[in-house]
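Overview (structure and organization)
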Amino acid sequence: MLNLDRLRTLHVIATHGSVTAAADILHVTTSAISQQMAKLEQEVGQRLLERKGRGVRLTEAAELLAVHAGQILALAERAEADLEACRGVVAGQLTLAAFATAARGLAPPALRDLRRDHPRLRIMLQECEPHEAVPGVSRGDLDMAIVQDWWDSPLSLPGNLSRARLLDDVADIAVPEGHPLASRTTVEIERFAGEPWITWSDGWICNSWLVETLRSRGAEPDIAYTAGEHHTQLALVAAGLGVAIIPRLGRDPVPDGVRFVEVRPRLTRHIYAVWRTDADRRPSIHAVLRSLRQDRGSAGPK
């Protein structure tokens, strides 16, 4: 009988490409990974790893077994979900990832309610961006994630994930209080085309959205400063150094000297929860969903 933990080890090596990466993901030493693989080789009676330079690579037998391992692990997760559903008890551990503003503005009240209503459920919260969280959920490193996309840049999900809409979050342009457009209620985004922008680093979904949106309107954005936190961006705006797109979720407190202007077309991002479809029957998944969506403007499942 093949050992499930050893199959999981092989699957992680195959997914991440190295023993070192697998050790980091599974929170064990590289020596422990090697021992697991040695035992798995004894079980199957075939060589699974071979040297390649300073690292290792999977043999043909290991590649074949890794495919089956993925299927076996998915089936095991469905079985665990069915048993959890049969018990009907919200308990155990669930790892939840969220991007920064959702971790600040959405997760805390939900986690508070879950602790009160389901004391046997332990939630582990990690902060990471959607481009990291989605693969993490798909691989099984995370149980759920709160992710986002923008109205004109939909998020693509792997086929093994399900999602539910949590809310639509409007973003405004933050400007210094002395800015010529600070007193306006709404302004076309083209009016800001020549402004110095304060935004996120390359590769972040919000930065990509800003650049693509302005370029689609014939303007090349002048990125003056980058910062990964909204509060840092707002501090730079307050200092009169540029303008920034700031979603409403999780942006308080706002420093003195900053004004917000709604832009046309309205800037809206959609916020979702995602999880593996194989785990869909877990009561803990649905408990977290209910808590995240309660009184938070959910637009319904998608």
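Structure: above.
Below is a summary of the structure that appears in this document. Note that the structure is a prediction, hence the values are computed from the model and not measured.

1. Things to note about the side chain of D172
- Inspection of the secondary structure puts D172 in strand 6 (residues 161-176).
- Side-chain polar atoms of D172 contact the side chain of R251, separated by 3.2 Å.
- Residues contacting D172, with those up to four places away along its chain left out, are A244, I245, I246, R248, R251, F260, V261 and E262.

2. What about the pairing of strand 10 (residues 244-247)?
- Alternating residues of strand 10 divide into A244 and I246 and I245 and P247, and every residue in both groups is buried.
- Direction of pairing for strand 6 relative to strand 10: antiparallel, over a ladder of four bridges. When the bridges of strand 10 are listed, A174 appears paired with A244.

3. Structural notes on the environment of G136
- Tracing the backbone through its elements, the reader meets G136 in helix 7 (residues 130-139).
- C-alpha separation for the pair G136 and P283, spaced 147 residues apart in sequence, amounts to 21 Å.
- The contact partners of G136, leaving out residues within four places of it in the chain, are D141 and L142.

4. Structural notes on the pattern of salt bridges
- Applying the stated rule across the entire model yields 19 salt bridges.
- Across the salt bridge formed by D113 and R112, the nearest N and O atoms sit 3.2 Å from each other.
- A relative accessible area of 54% means that R112 is categorised as exposed.
- As a salt-bridge pair, E262 and R248 come within 3.4 Å of each other at their nearest N and O atoms. Pair noted here: E262 is in strand 11 (residues 258-264) and R248 is in the loop between strand 10 and strand 11, with a separation of 14 residues, a long-range link.
- On the basis of relative accessibility, which here comes to 24%, the residue E262 falls in the partly exposed class.

5. Some words on the nonpolar core
- Counting residues in each nonpolar core, the largest one holds 25 residues, and the members touching the most others are L106, M144, I146, L166 and I271.
- Going through the elements one at a time, strand 3 (92-98), helix 5 (100-105), helix 6 (107-117), strand 5 (144-150), strand 6, strand 12 (267-276) and helix 10 (283-293) are the ones with two or more residues in this core.
- No other element matches helix 10, which puts five residues into this core.

6. Observations concerning unusual backbone geometry
- Note the cis peptide between D252 and P253, where omega equals 0 degrees.
- For P253, the position within the fold is in the loop between strand 10 and strand 11.

7. So, the pairing of strand 1 (residues 49-52)
- Of the strand pairs in this sheet, strand 1 and strand 2 (residues 55-58) are connected by four bridges, and their pairing is antiparallel. Bridged to E50 within strand 2 is R57.
- Hairpin connection from strand 1 to strand 2: two residues lie between these consecutive antiparallel strands, with G53 at a positive phi of about 65 degrees.

Criteria and thresholds
- Every chain is numbered independently, its residues counted from 1 as its sequence is written.
- Only residues with pLDDT of 70 or above have their local features reported here, since the model is predicted, and side-chain atom pairs are shown and tallied only from 80 upward, although totals for entire chains, interfaces and linings are computed over all residues.
- Calculation of side-chain values draws on the structure's entire complement of heavy atoms; hydrogens and water are dropped beforehand.
- In DSSP terms, a helix is any run of H or I states spanning at least four residues, a strand is any run of E spanning at least two, and both are numbered starting from the N terminus.
- By the criterion applied in these results, polar contacts are pairs of N or O atoms within 3.5 Å in which, for protein atoms, one can donate a hydrogen and the other can accept it, and in which residues neighboring in sequence qualify only through two side-chain atoms.
- When checking whether two residues touch, look at their non-hydrogen atoms; a contact exists if any pair is within 4.5 Å.
- Each residue is assigned to one of three classes by its accessible area relative to the maximum for its type, calculated with a 1.4 Å probe on protein chains only: buried under 20%, partly exposed between the two thresholds, exposed over 50%.
- Here a strand pair is declared whenever DSSP counts at least two bridges between the two strands.
- Here, a salt bridge means any Lys or Arg side-chain nitrogen found within 4 Å of an Asp or Glu carboxyl oxygen.
- Residues belong to a common nonpolar core when they are buried Ala, Val, Leu, Ile, Met, Phe, Trp, Tyr or Cys residues joined through side-chain atoms within 4.5 Å.

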